[in-house]
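What the coordinates show
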Number of protein chains: 2
Amino acid sequence: MAQRHLDPTAGPVAGDVLTAYLRSQATEFLRALRQHRETGGAAGGGPLARAQSSVGGNGSREAVDAARALRRSARRISGTLHTFRPLLDEDWSEGMRPELAWLSGTLAREHAYGARLERLLAALQRLSGSAAFPAQVTSGVRTEKGGLTVGAARAGALLERQLTLARTRAHSAALQALGSSRFHAVADNVAVLASEVPLSAAATASAATATTTTAVATATATGLKPLAAAAEDRLCDAVTGLPLVTAGHPYNSQALVHGLSTDTAPQPQDAPWHQVRLLLRLHRYAREVVFGDEVRVDVRLLNAGQALDRHRDASEAAAAAAAAARTPRIAPATAYALGVLHADQRHEVEAARFTFQRTWTRETVGTA
Amino acid sequence: MAQRHLDPTAGPVAGDVLTAYLRSQATEFLRALRQHRETGGAAGGGPLARAQSSVGGNGSREAVDAARALRRSARRISGTLHTFRPLLDEDWSEGMRPELAWLSGTLAREHAYGARLERLLAALQRLSGSAAFPAQVTSGVRTEKGGLTVGAARAGALLERQLTLARTRAHSAALQALGSSRFHAVADNVAVLASEVPLSAAATASAATATTTTAVATATATGLKPLAAAAEDRLCDAVTGLPLVTAGHPYNSQALVHGLSTDTAPQPQDAPWHQVRLLLRLHRYAREVVFGDEVRVDVRLLNAGQALDRHRDASEAAAAAAAAARTPRIAPATAYALGVLHADQRHEVEAARFTFQRTWTRETVGTA
């Protein structure tokens, strides 16, 4: 459907399409940056902190939205520079990508700590049965604090302390980053992108009217679609490497195989899944570039991506619970609750893999 | 197929069939009891303890087998007295059932503690990744003790101490029971059963040649098949009350809903499943009575029963881990490992429910 005007020999050429996408993302980035400054995103406490404490008004919510939009466009620009790098000026894009990654990484951290805390506190509530069996909450050994047991309440307080501290630090780091000359250089580069995209010789060649066979071949090899297809291939290859057969068996107990290690390093078994998550995102962005405004929501990609987001979040939350359990001098009841919480989040990891497997294979079979 | 000689009007009558079954179970009981005494089942240390420490020779293994056979026939006699009580002398069977329940319960306890410890230690090994990823066992923070972390090793030692003590006490209690006059009364009753089964007036009536319509009706109402069907109905009714829709969704997180309560009381949500397990057993024994030697293994019942056994075992193991975590002055690392272990076993509970749901509904659909 979109093919008709993506074929470099018929309609807008690759360079034009790529330019249009990058320009719109750059414009989006600059708008989000302006909004972030106007809504006081740089003020103390952090947008997320204020939004969560519900002290802030619309301003905080807008600042959170602005920060999200900033990350969103930074990721898209960075991903596009990566997937379509043969079409772009090499020196320029190679220099810009790590800077964008640094920026979106720095901005994401504050949000991630806040979301992790929310996830863990919700899990503590759920594990205390307060959501599912409200009638039993106030009976027995539970305290009055939202139906939590002493251990759960203490574990929650410990996690709140640790993750709030981490979030505050991430907020300061983000503030510092946004005020740095390094950031201003990134913003300047994005501003350039909003007006003119530095294309490579290959992209310029494809822009010329393709009258000779050689020119057509060149344009095709470095065209949008082959590069987008290569991104999809990288995704599919990585998915092939995942233990999907195991993941497709419910309750396979694989995610908790290192559940008793209090090692806070990320679990090695999670890494391939995180990698697929990144490749899925790149594939999704490449589709946005190729199909432009006509891009249709691919429910399979959406669901698979959400499963992998959940996988990542649960994996990191489990690690945070394990890390908290290594705090010196905590009470055994606190440690016990953190152990239950850790195992619960590793089960979430396993559940997310199961969901991913179902989503991915069902749709593959359906469309094959 | 078995119908032809179970119809009270054609072939052996209900009382005869019931008598044959009870006699063979009573004979089995007496043989197991003799074997248990001969193989030194009453010697110190307990059959299970010696079998597990692999110090004992064939004698211990035989004693374990004898104890199992004793429990096995005691359960069958007791279950049969319950299901077919209208066919048996009421006073006699009502007096005998609680005594058989007391005996099999007392004998089962020693075995249960041993099996629970085995299950928990195996889970600790699995959760330390020693089984699935042997290459990584010796790296990182793990100690040399079978690849366990410090917390896991300590948790294992604590559980071993507590459950071995419980098992030793159960062994003493079993010994005391087997030497008691109460036990001798049970054994005497079973010996009576081996030679003559005290039938009720109804069973005797059905034994007379059924020439009148009234006699046939009486025989049918109190026949083996209606009573066995009633046992099956009780099972099916109880299954209907289970949350099977939820159980059929993998990773529904229901079993861990009270995961953070360190309350050692059994989880109320498990009770209906335990009840179904008992009713399933009664149904299985009733089938043995009705079909006699021609009874065919019903794979569905077998698998469903195994899932419920696993449910019960995991439920009790989870409770044991939670109970161990309440030991005063344990290290936080130990408590953490026990928390992970508890959650893991509750997850097993959930997995067992899922398996039961799949087994039960698939076969129901298949045969409907």
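Right above here is the structure, for reference.
Residues numbered from 1 in each chain as written. Chains lettered and ligands numbered in written order. Predicted model: local features only at pLDDT ≥ 70, side-chain atom pairs only at ≥ 80, totals over all residues. Heavy atoms only, no water.

**A few points about the relation of the copies chain B and chain A**
Expressed as a screw transformation, the operator carrying chain B onto chain A has a rotation angle of 180 degrees and an axial translation of 0.0 Å, and the superposed copies differ by an RMSD of 0.0 Å. These values place the two chain copies in the arrangement generated by a two-fold rotation axis. Looking at the interface residues of chain B, 100% of them are also at the interface in chain A, so both copies use one shared face. (Least-squares fit on C-alpha atoms with pLDDT ≥ 70 in both. Contact = heavy atoms within 4.5 Å.)

**Let's talk about the pattern of salt bridges**
Opposite charge on two side chains allows them to pair when their charged atoms are near. Residue and element names in this part refer to chain A. In the structure shown here, the tally under the stated rule is 24 salt bridges over all chains. In this structure, the salt-bridge partner of R126 is D344, at a minimum N-O distance of 2.9 Å. One end of the pair, R126, is in helix α4 (residues 90-127); the other, D344, is in helix α13 (residues 332-367), and 218 residues separate them in sequence. On the accessibility criterion, R126 (23% relative accessible area) is partly exposed. (Salt bridge = Lys/Arg side-chain N within 4 Å of Asp/Glu carboxyl O. Helix = DSSP H or I, 4+ residues; strand = E, 2+ residues; numbered from the N terminus. Buried < 20%, exposed > 50% of the residue type's maximum accessible area, 1.4 Å probe, protein only.)

**A word on the interface of chain B and chain A**
Listed as interface residues are 45 residues of chain B and, on the opposing side, 45 residues of chain A. When chain B packs against chain A, close to 3,800 Å² is buried across both sides, 67% of that on carbon and sulfur atoms. Interface area lost by chain B to chain A is led by Y251, L260 and Y336 of chain B, which between them contribute 25%. Taken together, the links from chain B to chain A amount to zero salt bridges. Where chain B packs against chain A, one counts eight residue pairs in polar contact (both at pLDDT 80 or more). Breaking the side of chain B that touches chain A down by element, the ones donating at least two residues are α4 (90-127), α13 (299-325) and α14 (332-367) of chain B. For the side of chain B that touches chain A, the element with the most residues is α14 of chain B, which contributes 15 residues. Residues belonging to the side of chain B that touches chain A are distributed by class as follows: 24 nonpolar, 15 polar and six charged. (Buried area = accessible area lost by both parts, 1.4 Å probe. Polar contact = N/O pair within 3.5 Å; in protein donor to acceptor, adjacent residues only side chain to side chain. Nonpolar A, V, L, I, M, F, W, Y, C, P; charged D, E, K, R; others polar.)

**Notes on the environment of A112 of chain B**
All names here are of chain B. Among the secondary structure elements, A112 is positioned in helix α4. Note on A112: relative accessible area 25%, which makes it partly exposed. A112 sits 58 residues away from A170 along the chain, and the two C-alpha atoms are 9.4 Å apart.

**Remarks on the packing of aromatic side chains**
Under the criterion given, the structure shown has seven aromatic pairs over all chains. Between Y251 of chain A and F354 of chain B, the aromatic rings sit 5.6 Å apart at their centres with planes inclined by 55 degrees, giving tilted as the arrangement. Taken together, the residues Y251 of chain A in the loop between α10 (244-247) and α11 (271-291) and F354 of chain B in helix α14 connect one chain to another. Residues Y251 of chain A and F354 of chain B agree in their burial class; the two are buried. Their ring planes at 20 degrees and their centres at 5.6 Å tell us that F356 of chain B and W360 of chain B sit as a pair that is stacked. Of this pair, F356 of chain B and W360 of chain B both sit in helix α14, four residues apart, which is roughly one turn of the helix. When sorted by exposure, F356 of chain B lands in the same class as W360 of chain B, which is buried. Joined through ring pairs, the aromatic side chains of Y251 and F354 of chain A together with Y251 and F354 of chain B make up one cluster. Between the NZ or CZ atom of R182 of chain A and the centre of the ring of W102 of chain A, over which it lies, the distance is 4.1 Å. (Phe/Tyr/Trp six-rings, centres within 6.5 Å; stacked < 30°, edge-to-face > 60°. Lys NZ or Arg CZ within 6 Å of the ring centre and 35° of its normal.)

**A few points about a nonpolar patch on the surface**
Taken together, the side chains of V297, V299 and L302 of chain A present a nonpolar region at the surface, about 270 Å² in accessible area. In this fold, V297 of chain A is placed in the loop between α11 and α12 (299-325). (Patch = residues over 30% accessible without salt bridge, like charges linked within 9 Å, V, L, I, M, F, W, Y side chains within 5 Å. Areas by Shrake-Rupley, 256 points an atom, 1.4 Å probe, with all protein chains shown as cover.)

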